[in-house]
Amino acid sequence: MSTDAVGRAYPRLEGREKVTGTARYAVEYPVDGVTYGWAVPSAVVRGRITRVDTAEALASPGVLAVVHHGNAPRLAPGVEADLWLLQEPAVHYRGELVAVVVATSLEAAREGARLVRIDYDAGPHSTVLTEDHPGLYTPDHVNPSYPTDTEEGDFDAGYAAAPVRVDATYRTPAYHNNPMEPHATTARWHDGRLLVHDSNQGASSVRAALAELFELPRESVRVVTEHVGGGFGSKGYAKAAVVLAALAARHVDRPVKLALTRQQLFGPVGYRTPTIQRVRLAADTDGRLTAICHDAMSQSSTILEFAEQTAVYTRSMYAAPHRRTTHRLVRLDVATPFWMRAPGECPGAYALESAIDELAVAVGIDPVELRIRNDTDVDPDQGRPFTSRNLAACLREGAERFGWADRDPAPRARRDGRWLIGSGVAGASYPARARPACATATARPDGGFHVRINATDIGTGARTALWQVAADALGVPPERVGISIGDSDLPNAPVAGGSMGTASWSWAVIRACEALRGKLRDGVPTDAEVSAEADTSEEVGGQPGLPRYAYGAQFAEVRVDATTGEVRLNRMLGVFAAGRVVNPTTARSQLIGGMTMGLSMALHEEGLLDERYGDWVNHDLATYHITGCADVESIEAYWLDEHDGELNPAGVKGIGEIGIVGSAAAVANAVFHATGVRIRDLPIRLDKLIGASKLA
Ligand code: MOS
């Protein structure tokens, strides 16, 4: 593959449409005879609906129907319990969507929803994860299919014998995905076929879910996902909005637009599970790790088991002869947690990279040096060499760019007036995976080309990256290439998730373009369109199972008001090794976006659940705080020029998640360095700092 287009900073192909407002999102397509759905949340945590009184709602102007378990079209059971909506009177968590009001205007639907009266029989509930919860158990595996527990050597003996030890428990709260565009769908039925314009991260998997739920052949369902206003994992699979819209449209036999409200994003679409994580580290006096143990607890719902892989990060990050990781789970009367940017790795890295910092303090070794000393070329978990591992190079380059060498390791050593100033570092890693995909490449008689693949651009620039990859694979200037993505009628492709979108899709695009070039070389007639297809199932499936990871080093400097405990970020700097970077503009945007979410996790975000009524107290953007532009004074992302021939034809590792991994730990470690106070439950709020000690 030539590299004329790949590596160049093209602006997003659809950028102009987006900034001028002409790009259409899921509920922005004009549709004749459209109606509007408004979802109704349950008002109890656990119990049964005993009566739905729709009289007042139906009498309200414009209301066409109230769809609920008593009258909704039937869905096939056994697809995913979370999607089996409006089928039964049981209520599993507060906020579960139990009815949809359909009306001729959005306002009428909203008013109708207010007028629906639902009676419940409510039972007792349990909604808060605690380390002594009687329901804690050992799941069979953790996501996606990792062993639940691992053990090498003899952790207890190794830990007991070591001269330096750290034993710390870290807590992270629930985090709620809040993409700017909520989960939203326009659904229409025609001649027994279902067409949805939906906001998701993968139209192929949403189509498959809808086909199963409505017992239709896949060809009878089409999912169009042209533009998506963010997902972060929460749109990684079919979710409530698309199912409710399809149910409602079938019930009223008219097109339905349904968007979840901002409040409804705190529950029915999933959230990052809260965690309780105990990390024990032991080392010799040179800081070489001898024993590592990471015990993680998280939660799922009573509806289905979602076992996040919180401690998996620790299995492959640093070497030690004695190692143990465990996961315990409790099924609570809550919404099912779901993916959120680097699910597992992100909270897991917060705990491990904080504990490494505590070890650096305990053993008196610089935390950059300590990480480099415990680097390893061989995956401690699999016992095989990594295809490439540039953690140490990221740490060194980051230290250089950040100006780490001047740092006084003593906490509270720097002060500027009322501000205590400190800096922190953390490592980062994220698996570099790929999945099979299909693509088609077409040559036109006019000399133009077109590439088709059901990839999804959730705002990342994926469309542009694939266009660049296609141009190089075809060996033509990108101006001669067109690209179509975001439609389940296009060749099947996996979700934009797990940082494997570009790796998976570009693989199929390159193979389709190569096949097309082969046909053209063979001299097929070119007075008509010539197409070639690719399906990478065999090639991807036959790839050796080597440990493949992207790496990073995160640096942060904070200032903490010595009187009030207010924490401000001075700057954040990350250096990443993620294979080839296809587009520096969109890559930088991904990385600084991830880092900003890590800052948000360290200082701002926190889902607060009140056990008395079993729901989130702060379920809107006024009370659920998210880092804003004013909180990010300076943020820089860099990457190493990394070539790894064991990955995929484009040589990419994926950059969607590595930016968030470790970033919260870097900020938390900087707060410790500034203040000498170690806060182990996020977010680090001023009340925790001033409560823990007298800063001044
Ligand atoms: Mo990402 S949380 O894998 O969409």
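Every residue gets a number counted from 1 within its own chain, in the order that chain's sequence is written. Where totals are concerned, whole chains, interfaces and linings use all residues; where local detail is concerned, this predicted model gives features only for residues with pLDDT of at least 70, and gives and counts side-chain atom pairs only at 80 or more. In computing side-chain properties, one takes all heavy atoms of the structure into account and sets aside hydrogens as well as water.

Visitor: Give me the lowdown on the packing of aromatic side chains, citing residues and values where you can.
Guide: Classification of ring pairs rests on two measures: the distance between centres of Phe, Tyr or Trp rings, Trp counted by its six-membered ring, which must be within 6.5 Å, and the angle between planes, read as stacked under 30 degrees, edge-to-face over 60 and tilted in between. A full pass over the atoms with the stated rule returns 14 aromatic pairs. Here Phe266 and Tyr624 contribute two aromatic rings whose centre-to-centre distance is 5.3 Å and whose plane-to-plane angle is 75°, an arrangement assigned as edge-to-face. Placement of Phe266 in the loop between β14 (256-259) and β15 (275-283) and of Tyr624 in the loop between β27 (615-616) and β28 (635-639) is noted, with a sequence separation of 358 residues between them. Whether a residue is buried, partly exposed or exposed follows from its accessible area with a 1.4 Å probe, protein chains only, as a fraction of its type maximum: under 20%, in between, or over 50%, in that order. Of the residues examined, Phe266 reaches a relative accessible area of 4% and is grouped as buried. The class for Tyr624 is buried, based on a relative accessible area of 0%. Ring centres of Tyr549 and Tyr551 lie 6.2 Å apart, and the angle between their planes is 45°; this geometry places the pair in the tilted category. By the ring-pair criterion, three or more aromatic residues cluster together here, those being Phe306, Phe338 and Trp339. The criterion is that NZ of a Lys, or CZ of an Arg, lies within 6 Å of the ring centre and within 35 degrees of the ring normal, and then a charge sits over that ring. Over the ring of Tyr159 we find Arg280; its NZ or CZ atom is 6.0 Å from the centre of that ring. Helical segments are the DSSP runs of H or I of at least four residues, strand segments are the runs of E of at least two, and each set is numbered from the N terminus.

Visitor: Give a detailed account of the environment of Glu151, specifying residues and quantitative values.
Guide: For Glu151, the location among the structural elements is in strand β9 (residues 150-152). A residue is classified by how much of its surface remains accessible, and Glu151, at 44% relative accessible area, is partly exposed. Put simply, Glu151 and Thr325 are 174 residues apart on the chain and 6.7 Å apart in space, counted from C-alpha to C-alpha. Throughout, a residue-residue contact means that at least one pair of heavy atoms, one from each residue, lies within 4.5 Å. With residues up to four places along the chain from it excluded, the contact list for Glu151 reads Arg323 and Arg324. A polar contact of 3.2 Å, which involves the side chain of Glu151, links it to the side chain of Arg324. In protein, a polar contact means a hydrogen-donor-capable atom and an acceptor-capable atom, both N or O and within 3.5 Å, with residues adjacent in sequence counting only if both atoms are side-chain atoms; elsewhere, any N or O pair within 3.5 Å suffices.

Visitor: Quick rundown of the sheet that holds strand β18 (residues 414-416)? Include the residues and the values.
Guide: Here, any two strands with at least 2 DSSP bridges between them count as paired. In spatial order, the strands read β18-β19-β24-β25-β28; together these 5 strands make up an open sheet with mixed pairing. On the outer flanks of this sheet lie β18 and β28, each paired with one strand and no other. On average, each strand axis in the sheet is inclined to that of its neighbour by 25°, with strand direction left out of account. Bridge count between strand β24 (residues 549-561) and strand β25 (residues 567-577): 10 bridges; the pairing is antiparallel. Its bridge partner lying in β25, Gln554 is registered against Gly574. In this description, a line fitted to the C-alpha atoms serves as the axis of each element, helices being fitted only across the stretch in contact, and the angle between N-to-C directions of two axes falls anywhere from 0 to 180 degrees. Seen against the sheet, helix α14 (residues 584-603) touches β24, β25 and β28 and runs at an angle of roughly 130° to β28.

Visitor: I'd like a description of a nonpolar patch on the surface, backed by residues and values.
Guide: Patch definition: residues above 30% relative accessible area lacking any salt bridge, with like charges linked at up to 9 Å and the nonpolar side chains Val, Leu, Ile, Met, Phe, Trp and Tyr linked at up to 5 Å. We get accessible surface area from the Shrake-Rupley algorithm with a probe of 1.4 Å; when it comes to residues, only the shown protein chains can shield them. Here, a salt bridge means any Lys or Arg side-chain nitrogen found within 4 Å of an Asp or Glu carboxyl oxygen. On the surface, Leu608, Tyr613 and Val617 cluster together into a nonpolar patch covering about 240 Å² of accessible area. As for its placement among the helices and strands, Val617 is situated in the loop between β27 and β28. For Val617, a relative accessible area of 47% translates into the label partly exposed.

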